[in-house]
Amino acid sequence: MVMESIPHRQLSSEVAVDVGRGVRFRYRSIRSARARAILTIQHEISRVFRKVLDSEGFLEVLAPIIGPVTDPGIRGAGTIEVPFYGETYVLMTSMILYKQMTVASFPRVYSFSPNLRLEASASSTTGRHLVEFYQLDLEVAHGTCEDVMTLGDTLMFEVIRTVRQKCKEQLATLGRTLHLPPRTLPQLTFSEAIELLLNDGFTLDPAEEIPWEAECHLSNQFSTPFWITNYPATSRGFYYLRDADHPELVRSMDLVLPEGYGELSSGGEREYTNKGVLQRMHETGEEPQKYGWYLDMLEEGIPPSAGFGIGLERLTRYVAGVPHIWECSPFPKVPGVS
Ligand code: AMP
Ligand code: MG
């Protein structure tokens, strides 16, 4: 086990002060050797993504910034509304609905998607929440969870291998020792994860996603990224496909970083029929009338697909070994800090 990270809930006051100062005086800190090392590593991560996905036959699509609808499954964070010629549009919280549109045309797509979420101010202390962040978002028509998890394994291996090889100087500047993960990452089911946490004294609602503190604890048990699979349907958005053999579950997984860094990615197989989505919207309390073009599109037919989104700043934070995510954005927006 490697335990180099600062546990998120215990960010020292020094780090908290650094966050406020860092955001306010970014025009200064961006010139530091430390910022240059972090952002160079981020550049290398993006390059590996493009290289691997291009070689796997993916097409890069320019991501939307605003639209009439966006992803509602954002764990209670707020959306930002924008006036749009007499209508109200929203800034993208994720491009999931738009990815489903593109896989109807191209079988394998990816985007560097800018996302905005008004996270609770209290999440500024988790060390892993920004208001503005990028997802490396991919989708595979007719893909399964297993297919995209294999892709995730390759991406993690290649990112870490390349950064270790090409960014030795930057890793040394940051004092970061980065371990090469196995080519196939470990997996545990959601119920195994819950059992582990209950045994360790956490009180949890097994119908909900794992809370940050508990996930951080779980993450600290691992020295390599790992997958959590088989999420309960009640914990996920309407666009996840129910497991035909276990209808209480959805075909969905998270990729979790080790050493206390926590969730890196969520994804899975998508509900793609109009009827199925309406049923899931009903269960999750969504208003179908908000989703005009999306439901029309499903009515006309799209292929089933699977995919995931990786938080670029979160991956940078782990790879660079940084206590707070603000340093992994060139122009950070931290919840509650203006
Ligand atoms: P979600 O759709 O909430 O599962 O988000 C997908 C991925 O985006 C997460 O696994 C994170 O890597 C990243 N992400 C989500 N919210 C944030 C945030 N507030 N700040 C930084 N990254 C985030
Ligand atoms: Mg998630």
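Preceding this paragraph is the structure being described.
Now for a look at the structure at hand.

So, how was this worked out
- Residues numbered from 1 in each chain as written.
- Chains lettered and ligands numbered in written order.
- Predicted model: local features only at pLDDT ≥ 70, side-chain atom pairs only at ≥ 80, totals over all residues.
- Heavy atoms only, no water.
- Helix = DSSP H or I, 4+ residues; strand = E, 2+ residues; numbered from the N terminus.
- Rg over C-alpha atoms; globule rule 2.2 N^0.38 Å.
- Buried < 20%, exposed > 50% of the residue type's maximum accessible area, 1.4 Å probe, protein only.
- Contact = heavy atoms within 4.5 Å.
- Areas by Shrake-Rupley, 256 points an atom, 1.4 Å probe, with all protein chains shown as cover.
- Pairing = 2+ DSSP bridges.
- Polar contact = N/O pair within 3.5 Å; in protein donor to acceptor, adjacent residues only side chain to side chain.
- Near = heavy atom within 4 Å.
- Nonpolar A, V, L, I, M, F, W, Y, C, P; charged D, E, K, R; others polar.
- Arc of directions from axis to C-beta.
- Phe/Tyr/Trp six-rings, centres within 6.5 Å; stacked < 30°, edge-to-face > 60°.

### Quick notes on the overall build of the protein
(1) Moving on: On a plain count of helices and strands, the protein comes out with eleven helices and eleven strands.
(2) Moving on: Relative to its length of 338 residues, the protein is compact, with a C-alpha radius of gyration of 19 Å against a globular reference of 20 Å.
(3) Moving on: Counting only C-alpha atoms and orienting by the principal axes, one finds that the protein spans roughly 55 × 50 × 40 Å.
(4) Moving on: Residues classed as buried in the protein amount to 55% of the 338 residues present.
(5) Moving on: The long-range share in the protein, meaning contacts at least 24 apart out of those at least 6 apart in sequence, stands at 73%.
(6) Moving on: In the form shown here, the protein has an accessible surface area of approximately 15200 Å², with 53% of it arising from carbon and sulfur atoms.

### Concerning the sheet that holds strand β3 (residues 81–84)
(1) Moving on: Taken in spatial order, the three strands of this open sheet run β2-β4-β3, and their pairing is antiparallel. Each end of this open sheet is capped by a strand with a single partner; those strands are β2 (66–67) and β3.
(2) Moving on: Bridge analysis of β3 against strand β4 (residues 87–91) gives four bridges, and the strand direction is antiparallel. Its bridge partner being in β4, V82 is matched across the sheet by Y89.

### Brief notes about the side chain of R26
(1) Moving on: Checked against the element boundaries, R26 lands in helix α2 (residues 26–29).
(2) Moving on: Side-chain polar atoms of R26 contact the side chain of S29, separated by 3.0 Å.
(3) Moving on: A polar contact is formed between the side chain of R26 and the backbone oxygen of E327, at a distance of 3.4 Å.
(4) Moving on: Those residues in contact with R26 that lie beyond four places of it in its chain are A35, L39, W326, E327, S329, P330 and P332.

### Remarks on the site of ligand 1
(1) Moving on: By nearness alone, 15 residues border ligand 1, and R117, E119, L130, E263 and L264 come closest of all.
(2) Moving on: Contact distances for ligand 1 include 2.7 Å between an oxygen atom and a side-chain N or O atom of R117.
(3) Moving on: A distance of 2.6 Å separates an oxygen atom of ligand 1 from a polar side-chain atom of E263.
(4) Moving on: Expressed as a share of its isolated accessible area of 480 Å², the protein-covered part of ligand 1 is 93%.
(5) Moving on: When residues of the shell around ligand 1 are traced back to their parent elements, those giving at least two are β6 (132–141), β10 (262–269) and β11 (305–311).
(6) Moving on: Ranked by the residues each element gives to the shell around ligand 1, the list is headed by β10, at four residues.
(7) Moving on: Classifying every residue of the shell around ligand 1 by side-chain character gives four nonpolar, six polar and five charged.

### Describing the pairing of strand β8 (residues 226–229)
(1) Moving on: Alternating residues of β8 divide into F226 and I228 and W227 and T229, and every residue in both groups is buried.
(2) Moving on: Where strand β7 (residues 187–189) meets β8, three bridges bridge the pair, whose relative direction is parallel. Bridging from a neighbouring strand, Q187 pairs with W227 of β8.

### Here's the deal with the pairing of β10
Residues in a regular strand point their side chains to alternate faces of the sheet.
(1) Moving on: The element β10 is extensively covered by neighbouring structure, given that seven of its eight residues are classed as buried.
(2) Moving on: Sheet analysis places strand β9 (residues 252–257) next to β10, joined by six bridges and oriented antiparallel. Residue pairing for β10: S252 is matched across the bridge by G268.
(3) Moving on: Counted along the chain from β9 to the antiparallel partner β10, the turn is four residues long, and its residue E259 has a positive phi close to 60 degrees.
(4) Moving on: Sheet analysis places β10 next to β11, joined by five bridges and oriented antiparallel. Pairing of G267 across the sheet is with F308, part of β11.

### So, helix α10 (residues 292–300)
Turn by turn, an α-helix covers 3.6 residues, leaving residues three or four places apart pointing in a common direction.
(1) Moving on: The set of residues buried in α10 consists of Y294, L295, M297 and L298. End-on view of α10: buried residues confined to an arc of 155 degrees, all on one side of the axis. Of the exposed residues in α10, the ones pointing more than 90 degrees away from its buried face are D296, E299 and E300.
(2) Moving on: On its buried face, α10 sits against α4 (96–102) and α9 (274–284).

### Quick look at the packing of aromatic side chains
(1) Moving on: The final tally for this structure, using the stated rule, is 15 aromatic pairs.
(2) Moving on: Centroid distance Y261 to Y318: 5.5 Å. Interplanar angle 70 degrees. Geometry classified as edge-to-face. Taken together, the positions of Y261 in the loop between β9 and β10 and Y318 in helix α11 (residues 312–320) put the pair 57 residues apart, joining distant regions of the chain. With respect to burial, Y261 and Y318 carry one shared label: buried.
(3) Moving on: Through pairs of rings, three or more aromatic residues link up here, namely Y98, F238, Y239, Y240, Y291, W293 and Y294.

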